[in-house]
Amino acid sequence: MKSNKYEIDMCSGSLMPKLISFSLPLMLSSILQLLFNAVDLIVVGRFAGSDCLAAVGATTALINIFINFFIGLSLGTNVCAARYYASGEYKKMSAVVHTAMLTAFISGIAIFILGQFFAKPALEIMDTPDEIIDMSVLYMRIYFMGTPFFMLYNFGAAVLRAVGDTKRPMVFLMFAGAINAVMNVFLVLVFHMDVAGVAIATVFSQMISCVLVIFVLLKSPEAYRLYFSKLKIDKKLLINIIKIGLPAGLQSTVINVSNAMLQSSVNSFGQDAMAGYTAANNIFGFLYTSANAITQGCMIFTSQNLGAGKYGRMKKVLLYCLVLETAACLAMGCAAYFFGEQILHIYTSSAVVIGYGIKILSLTTITYFLCGYMDCIPGALRGMGHSAVPMILSIIGTVGVRIVWIYGFFPEHRDIKFLFISYPLSWIVTIILQSVCYLVIIRKKDSFKSLKI
């Protein structure tokens, strides 16, 4: 099945080494992508002040609402491309590539336009303080200029990952990340551009990674090579991509809406709490991207084995991925917990801000393996073609619990640590719901044979 050295044969041989080989570069890629935002925060926090740090941080939840909806569609590209590649349906895989890339470009333009019009009203709804809202609006509007590049990179990388190539996207992000870091320092320290400078640097680095991925696709094997002349949307394939990707996008969007609600609760504690949450949330993001890399491995390995008709191998994929989630999340979570104060010092020198950050990390780090489980099980289900039910269960378990906590219990116990108990509590509830769903579906083995995408 392999046609070049970058691909992974997911349907035969030992699973664990291949899952690690797939997930580790993807994990590093995700961490590097997150570093784009981390470098922004570090530079403005250290060299422009905590007000700039709070201004950039105030945009995080809103940016994620827009971006993650469309990133969910890229998961549909992952699943469809992996299934068609494993089953040898290369014409359909080629059509998926061209449909996905054109969809990515159109989606990126749409997010850019929405971002320009709705940045300020959305930040006002979140009760962003008057003294930083203009800086937050400026950061968001510049950041959204890069969304076409961001979307093209992610959809293009989704195609490469569908065949097991996670190494080259990682290298591209390393290169783009280095450029981002240099430009951040240059624009902030030399030209004193503060939030505008870090936003411009992020857009430019996203453009670099986008160009590199497109270049690789133009030189790839015929099954997934990109031809500009073939760019068109196949309605049937787009519907298949949407059937799998849209529920994931809606799930991410709704969860980020709940995070925006939580952000509003944090905002009520003032700028120092906002800055502390911004720094802690960025550290928290590194844990998420690490866990999500394994989840994507679970989804794509499951999809390829389903395409190859190896149904029994799919259960092993989930089991091994849960083992990897435990190891990775506990290792990184414990590191973030025990060295949290030292890590937070990278973002800010304010003791008050660091104090808020430590309170948040104390409840969201060591327990993070629960979040890994919560995402991994739906990943397996999406790889099988089941996406809608996991979405509904995740919204009920995660968003439902957090909304009840924020509006039902938090007003009577206004403490920032009490607020963040909602995280591990929501993970536990969601794991229970998703586990029941998985057991019901996996027992209907005959249904796998009838799955069509």
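Residues numbered from 1 in each chain as written. Predicted model: local features only at pLDDT ≥ 70, side-chain atom pairs only at ≥ 80, totals over all residues. Heavy atoms only, no water.

A few words now on the overall build of the protein. For the protein, the count of helices and strands is 18 helices and 0 strands. The C-alpha radius of gyration of the protein comes to 21 Å, within 12% of the 22 Å expected for a compact globule of 453 residues. Reported as C-alpha extents along the three principal axes, the dimensions of the protein are approximately 55 × 45 × 35 Å. Per-residue burial over the protein gives 58% buried out of 453 residues. Put simply, of all contacts in the protein between residues at least 6 apart along the chain, 84% involve residues at least 24 apart. Counting only carbon and sulfur atoms, one obtains 69% of the accessible surface of the protein, whose full area is about 17300 Å². (Helix = DSSP H or I, 4+ residues; strand = E, 2+ residues; numbered from the N terminus. Rg over C-alpha atoms; globule rule 2.2 N^0.38 Å. Buried < 20%, exposed > 50% of the residue type's maximum accessible area, 1.4 Å probe, protein only. Contact = heavy atoms within 4.5 Å. Areas by Shrake-Rupley, 256 points an atom, 1.4 Å probe, with all protein chains shown as cover.)

In total, this model carries 0 disulfides according to the counting rule given. Cys376 supplies the cysteine sulfur nearest to Cys298, a cysteine that is in no disulfide, at a spacing of 4.1 Å. Residue Cys298 is classed as buried on the basis of its relative accessible area, which comes to 0%. As a non-bridged cysteine, Cys371 has Cys329 as the owner of its nearest cysteine sulfur, 7.4 Å distant. (Disulfide = S-S within 2.5 Å.)

For the rest of this paragraph, the subject is the pattern of salt bridges. Tallied over the entire structure, the rule returns 3 salt bridges. Notably, a salt bridge pairs Glu89 with Lys92, separated by 3.5 Å at the nearest N-O pair. You can call Glu89 partly exposed: its relative accessible area is 33%. The partner of Arg168 in a salt bridge is Asp165, with the nearest N and O atoms 2.7 Å apart. (Salt bridge = Lys/Arg side-chain N within 4 Å of Asp/Glu carboxyl O.)

One simple way to see leftover space: roll a probe sized like a water molecule over the atoms. Counting across every chain of the model gives 2 cavities of 30 Å³ or more. Approximately 40 Å³ is the volume found for the second largest cavity. Elements represented by at least two residues in the lining of the second largest cavity include exactly helix 10 (271-307) and helix 13 (351-364). When residues in the lining of the second largest cavity are grouped by element, the largest group, 4 residues, is from helix 10. (1 Å grid on protein atoms, 1.4 Å probe; cavity = no way out; pocket = protein on both sides within 12 Å on 5 of 7 lines; lining within 4 Å. Points joined across faces, edges and corners; volume = space filled by probe spheres on them.)

Negative charge collects at one region of the surface, where Asp51, Glu124, Asp130, Glu131 and Asp134 lie side by side. Ranked by the residues each element gives to the negative patch, the list is headed by helix 5 (residues 130-143), at 3 residues. Exposure remark for Glu131: the relative accessible area of 53% places this residue in the exposed category. (Patch = residues over 30% accessible without salt bridge, like charges linked within 9 Å, V, L, I, M, F, W, Y side chains within 5 Å. Lys, Arg positive; Asp, Glu negative; His and termini not counted. Charge placed at Lys NZ, Arg CZ, Asp CG, Glu CD.)

The next thing to look at is a nonpolar patch on the surface. A cluster of nonpolar side chains, Phe105, Ile106, Ile109, Ile113, Leu114, Phe117, Phe118 and Ile233, forms an exposed patch at the surface whose accessible area comes to about 710 Å². Structurally, Phe118 can be placed in helix 4 (residues 90-125).

In this structure, Thr99 sits in helix 4. At a separation of 2.9 Å, a polar atom in the side chain of Thr99 contacts the main-chain carbonyl oxygen of Ala95. Separated by 3.0 Å, the side chain of Thr99 and the backbone nitrogen of Asp234 make a polar contact. Sequence-distant contacts of Thr99, defined by excluding residues within four places in its chain, comprise Lys232, Ile233, Asp234, Leu238 and Ile241. (Polar contact = N/O pair within 3.5 Å; in protein donor to acceptor, adjacent residues only side chain to side chain.)

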